[in-house]
Every structure is written in C-alpha cells, then in structure tokens.
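Descriptive structure summary
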Amino acid sequence: MNEKPDNNKQKNLGALLLGLVLLLAFNALILPNLGAPAMKDADYSYFLEQVDEGNVQKVEITDSTVNFTTDDEQVYSAVRIDDPDLVERLSKDGNIEFSGVSTQPSTLQTFLFAWVLPIVIMVIVWNIIFKSLGKRMGGLGNAMSFGKSNAKIYVKAQTGKTFDDVAGQDEAKEALKEIVDFLHTPEKYAEIGADLPKGALLVGPPGTGKTLLAQAVAGEAEVPFFSISGSEFVEMFVGMGAAKVRDLFSQAAEKAPCIVFIDEIDTIGKKRDGNISGNDEREQTLNQLLTEMDGFDGKKGVVILAATNRPESLDPALLRPGRFDRRIPAELPDLAGREAILRVHAKKVRLSEDIDFNAIARATAGASGAELANIVNEAALRAVRNGRSAVDQSDLEESVEVVIAGYQRKNAVISRKEKEIIAYHEIGHALVAAMQKDSAPVHKITIIPRTSGALGYTMQVDEGEKFLMTKEEALAKLATLTGGRSAEELIFNTCTSGASNDIEQATKLARAMVTRYGMSETFDMLALETVSNKYLGGDSSLACSPETAARIDDEVNSIVKSAHAKAVKILSDNIEKLHELAHYLLDKETITGEEFMAILNS
Ligand code: ADP
Ligand code: MG
Ligand code: ZN
C-alpha cells in the first residue's frame, strides 16, 4: 500500500525526462526539414550546367552537399566537390542568392545526446530489468521496496474457517477463545486489572491443526488478522527481515485491536548461538521481533499468535512471559478426537447410512488430523472409482490401509512359493499375537502387496484408547514382531528379507525399553538417551559413555532374542493351527479378525 507513491514518483520522473529528450530530438532533426519541398538528387555537373545557363535562383552550401533551387522552384541536392572557383562562378551571375549552412550540431544538442539521453535510457533499462527480476524472484522485488512486510490481512470470516471446523483440540480452542474474547471486550478484563496476553505459541506435531486453529481464530475474531509465515522474513539482504518485522508491527499498531499470526516461527526464532559466523540476518530479524514484542503496550490490543513444531529450538528469550506468555499444545488426537475429526471432514462428502466412525478411529491410533482428513478424501475418491454415489464403510477401511501402507499393487506377480512364505509370515505374527494375553486383538490379515513395499501385513486394533504401555505389553509386542520371521524359520527352515521392517520396529522398541523406559534388567531408571525434536520423528542421541553404549547394545540384543525364542515356542506349540490358517489365508488373500479367531478356536 505504502509503496505506491514512491514508485509513481520514480515513474513520473522517467517519463518526464524521456518526453523532454524526444521533444528536443524532434526539434533538432525533424522540424527543420518538414516545411522544405522534396529534394531531388543531381550530379555536380548538372549543377554547373544550370548555373551557367542562369537557371539557378538560390544555393545553399553545406559541408557535404550543394543544395540549389532552379527557376521552376525545384530543389536539387548534389554531392559537393572541392571546387575553389565556385564562389566566383556564383557571384559572376549576380542574381544567385547563396549561403553556407553549417550541419555541425549545436552545443545544446551535443550535450543532450552525449549526456542526458544515455542516462535516461539507463534508467529505463534498469527499471525494466528490476521489474522482471522482481517478478521472477519475488524476494528481490520486495527487497527493492525496502522491507515491506507482505502479511495478508484477513478480516472476519474471510478464511471461511471457524472453531466448528476444528474437531478435538478442545484445550487449544478454549485458550484461543479467551484471546478472541479479550479482543472483543477488553473492558471486562481491564475492570479486574488483568493484562491482555501478548502472545500465544501453538506447538505440536505436523498436521495437528495449528494453522487451521489460527485460521479459525481469524474467522471468529471481529478484528483484523495479519497472517505471515516465518520464511517470508528471510531475505536476500541483511537487515531486510528486520525491516519487515518493523513494518508488520507498525501496520498492526495502526489496526489495533488486531491479531498477528506468524506461522512456522522457528525459521526466524531459532536459538542465537555464540557462533561468530552465525546467521546475521536471522539474528537481526529475531532481535527486531523481540524488541517489537516488548515495545507493545499491553492495552493496545495486539495479540501475537505463532505456530511451530520445533518449540525446543526456539530462543529462550522469545518464550519468556511478556512475549509468548502462553503455550498452547496441539497434540495428536486421541480416540474421541479422531472420531470427531473424521466426522467434521465426512460432512463434506456424501455418506451411506451405516458408517461406524468409531471403528475407523480405533484403527488409526497415532494418525494426525491431516492424515484423517486425507483418509476421508481417499474414501470419497475410491467410491467414485467404484461407481458408487456415496461413501461406505469399506471405502473408509480401505483408505485407512492406503494411508498406512499405500495402494494395492494388483498386478504384482508373486510366485506361488513366495506367496506361501508371506502367508506363513503373516499368520506367524497373528498367531503369536493371539496367543498372548497382553496383545491387541487381530483385526485383519492380508497378503495383497502394497505400493509402500509391504508384501502383506497384520493389523491389530486395540479396543479402547491406550496411554501407557506396560512392560508386559512391550514384551508381547516384541514377540509378535518376531513372529513372522519365526514362522519362516519353523516351516521353511530359512529366513527372508521380508522381515526387515519387523526388525527395525523391534529394535527401536527394545532400545527405547532399555534407554528411556527403564525396563531392562541391567540398568535402573537411567535416561541413557535424550530425544531431540519430539514432534518431528524424535531423533534421539545417546547420553552415556561408550562402554555403556556397548552394554546397551548387548541388552537390546538379549531382549529381542528372548522375544524371538518365545515366538518360536508359541508357533511350534500351535503348528497345526499355523498350517491351517496359513492355507486359509493363501486361499482368501485377506481375512478378518473374526474369521481368524473362528478357525483358531475351532
Ligand atoms: P499444522 O499443525 O501442520 O499447521 P494444519 O493446520 O495445516 O496442520 O492442518 C492440515 C489439515 O489437517 C487441515 O487443513 C485440516 O483439514 C486437517 N486437520 C488437522 N487437524 C484438524 C482438526 N483438529 N480438526 C479438523 N481438521 C483438522
Ligand atoms: Mg502449519
Ligand atoms: Zn512381518
């Protein structure tokens, strides 16, 4: 908005200069020739002939030509020849009017062409280049407008999202509703003497609805809502980010009361380190942000919301009270939350009557809101693909598997022998699971390959929500994970590469038992590993001596080993059932938990 006047001024100046130069060029070059009659070329000899015959009225001698007008008003131009007798010849006649004309440009013209024109051309070219560059690179264009923030301003309901679009996340909604209320009726709070919170930080794993929550606040708040992403502050030139922060806050101050939302704030809010070679630009931007947040008068009514999935990487100065006073967690949804999210998104698609959302929610433990939204959409796509006009339960169930394991690879060719191994492998998992009391029930077993690379899998679904894992459950899970490989060994006397994913999961679990859960024989309640960014995959790093690390490896190995032995024992005790179930699966390719239990109990 503010950049228009500057730009216009520059444009006007350029246009003015260009006009001036064109006018002068017109005056100097074209105008003198306009009134003159058309000239004919002639030889010098013709000129002399005409002079001698007395037909010439007027002669103009320039540096390179001789222009002459004959009695019949025709003007000729002849190339001038070095002729010392010319003047004498012309004056002899007495009737001829003759003069010399200089074609040398005047000093003014020289000045204009040598100095002004090149400068004007350069200014024009410069403008064109930067305009097109700016368009292509975005950043440079902004840089040339000297640090204007490009925050989008939403006024009420322009995002089209409200709190009704956000399911689950009740605590987060509660906290945000209070902030919205604060902005609507500040008197209520001022009467008691409460200060407006300056900022709130939304933290949580990706896809849990942080951006969605902020949009819902924008939809609910009847105040202007500025939205900008942290990465938009990162600029080509040092100092630009800081200038943008300043601009953003001065705009916000004008519009107060209002809300400023900075998404992915970790891009600018990372911890400053003592490193001399540190990123100057980022630090300046962060410093500016800190200064601006301090500079705000709490009563003015500017609330800053920010979202991040890496809260541990944020600078402590940013997190202290008075800046982001509040931390609003947006965690992965629980069972009820998942069901609610499924229902919110299912409103947008046509459903057949008997949909059991609870069953889908139970099968998707650990899924984020974004994944659940995706499951509903996949189900709708599948319904269309199958020529149905409404989504049914099977669509939803299949799309859960699509999101977990990818699409079915219908035309993958797998030999009979390999199919057999896969069937025994999967039944191995299922049987070990079913034979232990601390294990979740088997929901589905399939040997249809998936695009994720899985050749088959066994789905276990807990009855209710689980928040804790006991040591017994962890050991039962380990035995189940090793059950696939155990079946291969027991029946085919070999092992295959198909167990790689099981091995990975088993190792991870056993390791966590030793290093983080204190569930091993050797170590007591020791934190041998620390988890860094817990919302993004949870990388962990060892916090112990190399000797201890070696003992951890031994301990992990022995835990997995005994789980493996237990699985082999369970399977060899039930080898008839293993054969029966594996052949049934080989035949059907996909069986449900009920079918499985029926055969097992028969
Ligand atoms: P992030 O936390 O990574 O910012 P988003 O807010 O961008 O996640 O969420 C992505 C999408 O996931 C949303 O547009 C919405 O469709 C869906 N979603 C996530 N959480 C929820 C929720 N609690 N209720 C409804 N939809 C949700
Ligand atoms: Mg987001
Ligand atoms: Zn397996």
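Look above for the structure.
Below you will find a few notes about this structure. Everything numeric in this text was worked out from a predicted model, so none of it was measured. The numbering scheme is per chain: residues are counted from 1 as the chain's sequence reads. Each chain is given a letter, starting from A, and each ligand a number, starting from 1, according to the order in which they appear as written. The predicted origin of the model limits local features to residues at a pLDDT of at least 70 and limits the giving and counting of side-chain atom pairs to 80 or more, whereas totals for whole chains, interfaces and linings rest on all residues. Each side-chain value is worked out from all heavy atoms of the structure, with water and hydrogens disregarded.

Side note on unusual backbone geometry
So the rule is basically this: The helix count covers DSSP runs of H or I at least four residues long, the strand count covers runs of E at least two residues long, and both are numbered beginning at the N terminus. Buried means the residue's accessible area, taken with a 1.4 Å probe over protein chains only, is under 20% of the maximum for its type, while exposed means over 50%, and partly exposed covers the values in between.
A positive phi angle, close to 50°, is found at Glu264, a residue other than glycine. You can see Glu264 is positioned in the loop between strand S9 (258-263) and helix H10 (266-269). Despite not being glycine, Asn493 has its phi angle at roughly 55°, a positive value. Structurally, the position occupied by Asn493 is in the loop between helix H18 (471-492) and helix H19 (500-515). According to the relative accessible area criterion, Asn493 is exposed, its value standing at 73%.

Focus on the coordination of the zinc ion (ligand 3)
To be explicit about the condition: Because no water is among the atoms considered, metal sites can look incomplete, with donors defined as N, O and S atoms within 2.8 Å of the metal, or 3.2 Å for Na, K and Ca. Tetrahedral means four donors with every angle between 85 and 135 degrees, whereas square planar (four donors) and octahedral (six donors) require angles over 155 degrees between opposite donors and between 65 and 115 for all others; sites fitting neither are termed irregular.
Here the zinc ion (ligand 3) is held by the protein donor atoms His425 (NE2), His429 (NE2), Asp502 (OD) and Asp502 (OD), which lie 2.0 to 2.8 Å from it. Considering all four donor atoms around the zinc ion (ligand 3), angles at the metal cover 51 to 146° and the coordination shape is irregular. Mapped onto the polypeptide sequence, the residues donating to the zinc ion (ligand 3) form the spacing pattern H-x3-H-x72-D. Here His425 is found in helix H17 (residues 416-434), whereas its partner Asp502 is found in helix H19, with 77 residues between them in sequence. Classification of Asp502 as buried rests on a relative accessible area of 11%.

A few points about the site of ligand 1
To keep things clear, this is the line we draw: Throughout this document, a residue counts as near a molecule or strand when at least one of its heavy atoms sits within 4 Å of that molecule or strand. Pairing of N or O atoms within 3.5 Å defines a polar contact, subject to two protein rules: one partner must be a possible hydrogen donor and the other a possible acceptor, and residues neighboring in sequence count only if both atoms are side-chain atoms. Under the convention used here, a 1.4 Å probe and the Shrake-Rupley method define accessible areas, while residue burial counts only the protein chains that appear.
Lining the immediate surroundings of ligand 1 are 16 residues, of which Ala167, Gly207, Lys210, Thr211 and His345 lie closest. Between ligand 1 and Thr211 there is a distance of 2.7 Å, counted from an oxygen atom to a side-chain nitrogen or oxygen. In the environment of ligand 1, an oxygen atom lies 3.4 Å from a nitrogen or oxygen atom belonging to the backbone of Ala370. Relative to its free-state accessible area of 560 Å², ligand 1 is covered by the protein chains to the extent of 79%.

As for the packing of aromatic side chains
Defined as follows: Note on aromatic contacts: the rings of Phe and Tyr and the six-membered ring of Trp form a pair at centre separations within 6.5 Å, being stacked when their planes are under 30 degrees apart, edge-to-face when over 60 apart, and tilted otherwise.
Across all of its chains, the model carries eight aromatic pairs by this definition. Ring centres of Tyr44 and Phe47 lie 5.5 Å apart, and the angle between their planes is 55°; this geometry places the pair in the tilted category. With Tyr44 and Phe47 both in helix H2 (residues 44-53), this residue pair falls three residues apart, about one helical turn. With a relative accessible area of 9%, Tyr44 lands in the buried category. Geometrically, the ring pair formed by Phe47 and Phe68 is tilted, given 4.9 Å between the ring centres and 45° between the ring planes. In this pair, Phe47 is assigned in helix H2 and Phe68 in strand S3 (residues 65-70), connecting sequence segments 21 residues apart. For Phe68, a relative accessible area of 0% puts it in the buried group. A connected cluster of aromatic rings, assembled from ring pairs, spans Tyr44, Tyr46, Phe47, Phe68 and Tyr76.

Looking at the sheet that holds strand S2 (residues 56-61)
Stated precisely, the cut-off is as follows: The criterion for strand pairing is that DSSP finds at least two bridges linking the strands in question. Fitting a line to C-alpha atoms yields each axis, with helices limited to the stretch in contact; the angle taken between N-to-C directions then spans 0 to 180 degrees.
Ordered by their spatial adjacency, five strands build an open sheet running S1-S4-S3-S2-S5, and the pairing between neighbours is mixed. The two strands at the open ends of the sheet, each matched to only one other strand, are strand S1 (39-42) and strand S5 (97-100). Across the sheet, the mean angle separating the axes of adjacent strands is 20° when strand polarity is ignored. Here four bridges tie S1 to strand S4 (residues 75-79), and the two strands are oriented parallel to one another. Within S4, the position partnered with Asp41 by the bridge is Ser77.

What about the nonpolar core?
What counts, and what does not: We define the nonpolar core as a collection of buried residues of types Ala, Val, Leu, Ile, Met, Phe, Trp, Tyr and Cys that are connected through side-chain atoms lying within 4.5 Å of one another.
In terms of nonpolar packing, the biggest core is built from 28 residues, with Ile427, Leu431, Ile445, Leu578, Leu581, Leu585 and Phe596 touching the most fellow members. Those elements giving two or more residues to this core turn out to be H17, strand S12 (442-446), H18, helix H20 (546-573), helix H21 (575-588) and helix H22 (593-601). Ranked by residue count, the leading element in this core is H17, at nine residues. By size, the runner-up hydrophobic cluster in this structure holds 27 residues, among which are Leu213, Ala218, Val303 and Leu305.

Quick notes on the sheet that holds S12
This is how the line gets drawn: It only takes one pair of heavy atoms within 4.5 Å for two residues to be counted as in contact.
Spatially, S13-S12-S16 is the arrangement adopted by the three strands of the open sheet, whose pairing is antiparallel. Either end of the sheet is taken by a strand with one partner, and the two such strands are strand S13 (457-460) and strand S16 (590-592). This sheet shows a mean twist of 10° between the axes of neighbouring strands, independent of strand direction. Alignment of S12 against S16, held across three bridges, turns out to be antiparallel. Its bridge partner lying in S16, Thr446 is registered against Thr590. Those strands touched by helix H16 (residues 393-405) are S12 and S13, and its axis lies near 115° from that of S13. Running over the sheet, H21 touches S12 and S16 and is turned about 120° from S16.

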